[in-house]
Amino acid sequence: MKGLIIAAILGLCCAVALAQTDEGGGSPAAAAQSMYKVADVVGVLLNTHDMYQDGDVSWYSGRLRVDEAPESSEPKVGQILRVRYAMPAGTRAPSEGDQVRASLHQLPLVGTQAPVWMATTPEVLGRGDFVRPGEHHDGDLGSSKARILVKMFAPFGPECHTKTADLLRELAEREPERVRVQLFHMRGPVGQQELRRERLSCATVLVNNRYEFTLIEPDGERKVVLSHKPNEPSSSYCSEDVVAVVEQELKRLYP
């Protein structure tokens, strides 16, 4: 069944390409050739919009930042593309901030508009590297131009979360131009609203949209998950790990 839906999606993509070329005066052969320029990429969706539903298929549009791509092909790493993609109705569609892997098929240009790429059933790999400040918050430290955004969602009564928040405040004071820290009381109305926007349900620290990291340490690598309660034997991280993650990201983003 899934294979039939994917085949139907590709058929619809071809129909869109041929229709666009007919409107622009091009040939169907040229449309088909352009349609099947394929690039396998990994990237992050910067925004998404619902378009319409066609039978068992739901269509979406958005912008995709390319993070990984073959060196010898288009598009190139760093490009931001206009994309359209379709998903079987009733399945979770990739959305803003998701890192995805997809095969892209470029549609022919119409007039002077930017090219559009069809992404065939993009696969969600996880949360991507993405800076999306909260519009409302319970605390905001650092520059709005910083390349690193830390968003902490927690109840600020327990000592373990208070310790993490204090360390982040100190970090923002040390790095006011390169690190921005936003705090959200997850039990308050502002925190709840942003928690839903980020598709989270428990205490979490996001560093540029992600909460799973591998710390490179002198004695090897260690995976940390900045979620739930820290500083206990069963915890997936401690408060100091949050600072270590940000310092590691500083080296990557400010070489």
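Small disclaimer: the values here were computed from a predicted structure and weren't measured.

A few points about the pattern of salt bridges
Should the charged atoms of two oppositely charged side chains come close, the side chains can pair.
Argument step 1. Under the counting rule described, the total for this entry stands at 21 salt bridges.
Argument step 2. The salt bridge partner of glutamate 198 is arginine 127, with a shortest N-O separation of 2.7 Å. Taken together, the residues span a long stretch of sequence, with glutamate 198 in the loop between α4 (189-197) and β9 (204-207) and arginine 127 in strand β5 (residues 116-127) at a distance of 71 residues. The same class applies to glutamate 198 as to arginine 127, namely buried.
Argument step 3. Here aspartate 129 makes a salt bridge to arginine 252, at a shortest N to O gap of 3.4 Å. Highlighted residues: aspartate 129 in the loop between β5 and β6 (139-141) and arginine 252 in helix α5 (residues 239-253), separated in sequence by 123 residues.
Argument step 4. Judged by its relative accessible area of 43%, arginine 252 falls in the partly exposed class.

Quick look at the confidence of the model for the chain
Argument step 1. Taken residue by residue, the chain gives an average pLDDT of 86. The fraction at 70 or more is 84%.
Argument step 2. Scored below 50 in pLDDT, residues 1-36 makes 46 contacts in the model with residues more than four places away or belonging to other chains.

Quick notes on the nonpolar core
Argument step 1. In this structure, Val150, Val207, Leu226 and Val246 are the most contacted members of the largest nonpolar core, which totals 30 residues.
Argument step 2. Looking at this core, the elements with two or more residues in it are β7 (148-154), α3 (159-174), β8 (179-185), β9, β10 (212-217) and α5.
Argument step 3. Look past the residues within four positions of valine 207 in its chain and what remains in contact with it is Ile148, Leu149, Val150, Phe213, Leu226, Val245, Val246 and Glu249.
Argument step 4. With 16 residues, the next largest nonpolar core counts Tyr60, Leu81, Val100 and Trp117 among its residues.

Observations regarding the environment of tryptophan 59
Argument step 1. Mapped onto the fold, tryptophan 59 is located in strand β2 (residues 57-68).
Argument step 2. The spacing of tryptophan 59 and methionine 87 is 28 residues in sequence and 6.6 Å in space, taken between C-alpha atoms.

Digging into the sheet that holds strand β1 (residues 38-54)
Argument step 1. Strands sit in the order β1-β2-β3-β5-β4 around a closed barrel of five strands; the barrel is mixed. Taking each pair of neighbouring strands and ignoring which way they run, the sheet shows an average axis angle of 50°.
Argument step 2. Direction of pairing for β1 relative to strand β4 (residues 98-106): antiparallel, over a ladder of seven bridges. Following the sheet pairing, glycine 43 is matched in β4 by valine 100.

Digging into α5
Argument step 1. In this model α5 runs 22 Å from its N-terminal to its C-terminal C-alpha over 15 residues, within 8% of the 21 Å that 1.5 Å per residue would give.
Argument step 2. Among the residues making up α5, those that are buried are Ser239, Asp241, Val242, Val243, Val245, Val246, Glu249, Leu250 and Leu253.

What counts and how
- Residues numbered from 1 in each chain as written.
- Predicted model: local features only at pLDDT ≥ 70, side-chain atom pairs only at ≥ 80, totals over all residues.
- Heavy atoms only, no water.
- Salt bridge = Lys/Arg side-chain N within 4 Å of Asp/Glu carboxyl O.
- Helix = DSSP H or I, 4+ residues; strand = E, 2+ residues; numbered from the N terminus.
- Buried < 20%, exposed > 50% of the residue type's maximum accessible area, 1.4 Å probe, protein only.
- pLDDT = per-residue confidence, 0-100.
- Contact = heavy atoms within 4.5 Å.
- Core = buried A, V, L, I, M, F, W, Y, C linked by side-chain atoms within 4.5 Å.
- Pairing = 2+ DSSP bridges.
- Axes fitted to C-alpha atoms, helices over the stretch in contact; angles between N-to-C directions.
- Expected span 1.5 Å × (residues − 1).

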